Amino acid sequence: MRITSGKFRPHDKVMSILYVSLLKTTLESEGYKLLGFNGSDHDLSDYRQKISSVEYLTILEQSLKPTVANGLGFKYGELFNMAAAGAVGQLMMSCENLDQAFKNLLRFFPLLSLSFQLDVTENKNSYQIEIDQYGSPEISNPVRWFVIESMFYCLLKQARYLTKKPLNYQHVSVSYEQPPHWKKYQTLFGCDVEFGASRPSLTVDRDFLSSTITTSNEPVRLMKERQCCEITQRWKSRYSIPEQIHAILMRTLPNIPSLESMAAELNMSRSTLYRRLQDEDHCYQTIIAEFRRDQAVNHLKNTDLTIGEIALQLGFSDDSNFRRAFKKWTGINPSELRDGTPPLCH
């Protein structure tokens with residue numbers, strides 16, 4: 001299962017100013033200053049203010065550059081609580097157990113407006129969540145450390161808060177080498193930590209997810225679930241049909257929905273979806289092909305996945321079908337792109 005934060009452009013102002021306000025608090029508690037933010041203290045206290053992911057990363061780069069690598073991300077993650085997640089956080093607090101809360105987090109993850117993509121694998125005895133950080137090759141190591149530390153520690157602290165149990169992860173992987181403060185990772189996560197992995201990920205076992213939430217409240221859960229659904233519908237209306245299809249495809253890979261199934265995902269009939277695509281001069285099969293092409297190019301350029309693994313991830317039955325499709329899309333073979341040959345078209 002793949003979950004995205006929505007099809008936000010890097011300069012879309014969708015992130016809450018709260019992220020910057022809490023960053024300022026974290027930095028000042030360690031004797032540092034918030035840098036790169038052009039607003040005022042009044043802006044930092046105005047819940048209506050939004051920033052873009054580009055602005056946020058710029059603030060992190062400038063603010064963290066002068067600091068000592070002492071695990072500020074852990075301190076930052078500790079400041080977040082369920083209230084910071086708005087309606088999604090309130091929904092999670094009212095769930096019966098962590099499994100239900102986790103599934104609602106995944107369901108309504110786009111409402112958090114974070115620049116991440118989650119790949120979730122459910123095994124017999126555990127869940128593994130892989131994090132895909134958009135633009136991660138372009139950010140410095142201190143920012144990488146900060147982002148992963150804060151996200152992973154925030155999730156663990158809130159799980160402990162909701163259950164009143166001393167829970168720990170089963171395993172944590174991060175995509176960078178050991179930072180100077182690496183010993184804090186195992187101490188705070190309570191498990192083995194792998195450095196230098198292909199992608200950051202965390203693993204929790206079934207016992208972790210079965211833990212009961214002490215603030216469970218079924219009437220509140222139903223009310224907050226309806227509220228999140230309403231917000232999601234308003235959010236979706238901001239985007240074109242092709243953009244909404246793109247977001248759904250990111251979630252359903254390696255399965256490619258039929259036109260009928262996609263229409264059901266979009267809460268409309270097959271004929272309505274077909275007509276709306278025609279009105280915008282789009283073809284469903286073309287959207288699918290362009291999506292697969294872009295995903296294939298990204299995997300070939302930015303991952304170590306084999307061509308066979310990429311083919312499976314994109315829903316192809318075998319390597320040869322993928323190679324033929326890729327040659328049709330780009331004019332070159334997958335291996336040529338990986339070797340540095342530019343495609344003829346995008």
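For the structure given in this document, a descriptive report is provided here. The structure displayed is predicted, hence computed values, not measured ones. (Residues numbered from 1 in each chain as written. Predicted model: local features only at pLDDT ≥ 70, side-chain atom pairs only at ≥ 80, totals over all residues. Heavy atoms only, no water.)

Quick look at the overall build of the chain
Part 1: The helix and strand inventory of the chain stands at 17 helices and eight strands.
Part 2: C-alpha extents for the chain along the principal axes are approximately 55 × 50 × 45 Å.
Part 3: The proportion of buried residues among the 346 residues of the chain is 47%.
Part 4: Sequence-distant contacts, at least 24 apart, represent 68% of the contacts inside the chain between residues at least 6 apart.
Part 5: Summed over all atoms, the accessible surface of the chain reaches about 17600 Å², with 50% contributed by carbon and sulfur.
Part 6: With 40 positive and 39 negative side-chain charges, the chain shows a spacing of 3 Å between the two charge centroids. (Helix = DSSP H or I, 4+ residues; strand = E, 2+ residues; numbered from the N terminus. Buried < 20%, exposed > 50% of the residue type's maximum accessible area, 1.4 Å probe, protein only. Contact = heavy atoms within 4.5 Å. Areas by Shrake-Rupley, 256 points an atom, 1.4 Å probe, with all protein chains shown as cover. Lys, Arg positive; Asp, Glu negative; His and termini not counted. Charge placed at Lys NZ, Arg CZ, Asp CG, Glu CD.)

Observations concerning the nonpolar core
Part 1: Counting 68 residues, the largest nonpolar core has Tyr56, Phe152, Tyr169, Val172, Tyr185 and Phe189 as the members making the most contacts within it.
Part 2: The residues contacting tyrosine 185, other than those within four sequence positions of it, are Phe74, Trp145, Glu149, Val174, Tyr176, Pro179, Gly190, Val193 and Phe195.
Part 3: Counting 31 residues, the second-largest nonpolar core is a separate cluster that includes Ile241, Ile245, Ile287 and Ile288. (Core = buried A, V, L, I, M, F, W, Y, C linked by side-chain atoms within 4.5 Å.)

Quick look at the pairing of strand β8 (residues 201–205)
Part 1: β8 sits mainly inside the fold: four of its five residues count as buried.
Part 2: Across three bridges, strand β6 (residues 171–173) lies against β8 in antiparallel orientation. What sits directly across from histidine 171, in β8, is threonine 203. (Pairing = 2+ DSSP bridges.)

Considerations on the packing of helix α4 (residues 72–79) against helix α7 (residues 141–163)
Part 1: Between α4 and α7, the least distance of the axes is 7 Å, while the angle of their chain directions is 40°. With respect to α7, the element α4 is oriented oblique. Where α4 crosses over α7, the two elements pack in a sense that is right-handed. Together, Leu72, Gly73, Phe74, Tyr76, Gly77 and Glu78 of α4 and Phe146, Glu149, Ser150, Tyr153, Cys154 and Lys157 of α7 make up the contact between the two elements.
Part 2: Split by residue class, the contact of α4 with α7 holds six nonpolar, three polar and three charged. (Axes fitted to C-alpha atoms, helices over the stretch in contact; angles between N-to-C directions. Parallel < 35°, antiparallel > 145°, perpendicular 65-115°, else oblique. Left-handed = near helix turned anticlockwise from the far one by under 90°. Nonpolar A, V, L, I, M, F, W, Y, C, P; charged D, E, K, R; others polar.)

Notes on the packing of helix α1 (residues 18–29) against α4
Part 1: Contact pair α1 / α4: the axes reach a minimum separation of 9 Å and the direction vectors enclose 125°. By the angle between their axes, α1 is oblique relative to α4. The two elements α1 and α4 cross, and the hand of that crossing is right-handed. The residues of α4 that touch α1, namely those facing Tyr19, Leu22, Leu23, Thr25, Thr26 and Leu27, are Leu72, Lys75, Tyr76 and Leu79.

Brief notes about the packing of aromatic side chains
Aromatic ring pairs are described here by two measures, namely the spacing of the ring centres and the angle between the planes.
Part 1: Evaluation of the coordinates by the stated rule reveals 18 aromatic pairs.
Part 2: Ring centres 6.0 Å apart and planes at 80° place the aromatic pair tyrosine 185 and phenylalanine 189 in the edge-to-face group. One end of the pair, tyrosine 185, and the other, phenylalanine 189, are both in helix α8 (residues 183–189), four residues apart, so they sit about a helical turn from each other. The same class applies to tyrosine 185 as to phenylalanine 189, namely buried. (Phe/Tyr/Trp six-rings, centres within 6.5 Å; stacked < 30°, edge-to-face > 60°.)

Considering the pattern of salt bridges
Part 1: Here the structure, examined in full by the defined rule, presents twelve salt bridges.
Part 2: Between glutamate 122 and arginine 206 there is a salt bridge, with the nearest N and O atoms lying 3.0 Å from each other. One end of the pair, glutamate 122, is in strand β4 (residues 116–122); the other, arginine 206, is in helix α9 (residues 206–209), with 84 residues separating them in the sequence.
Part 3: If you follow the salt bridges from partner to partner, you end up with Arg107, Glu218, Arg221 and Glu225 in one network. (Salt bridge = Lys/Arg side-chain N within 4 Å of Asp/Glu carboxyl O.)

Comments concerning the side chain of serine 201
Part 1: Relative to the elements of secondary structure, serine 201 occurs in strand β8.
Part 2: Once residues lying within four places of it in the same chain are set aside, the contact partners of serine 201 are Gln128, Ile129, Glu130, Phe152, His171, Val172 and Ser173.

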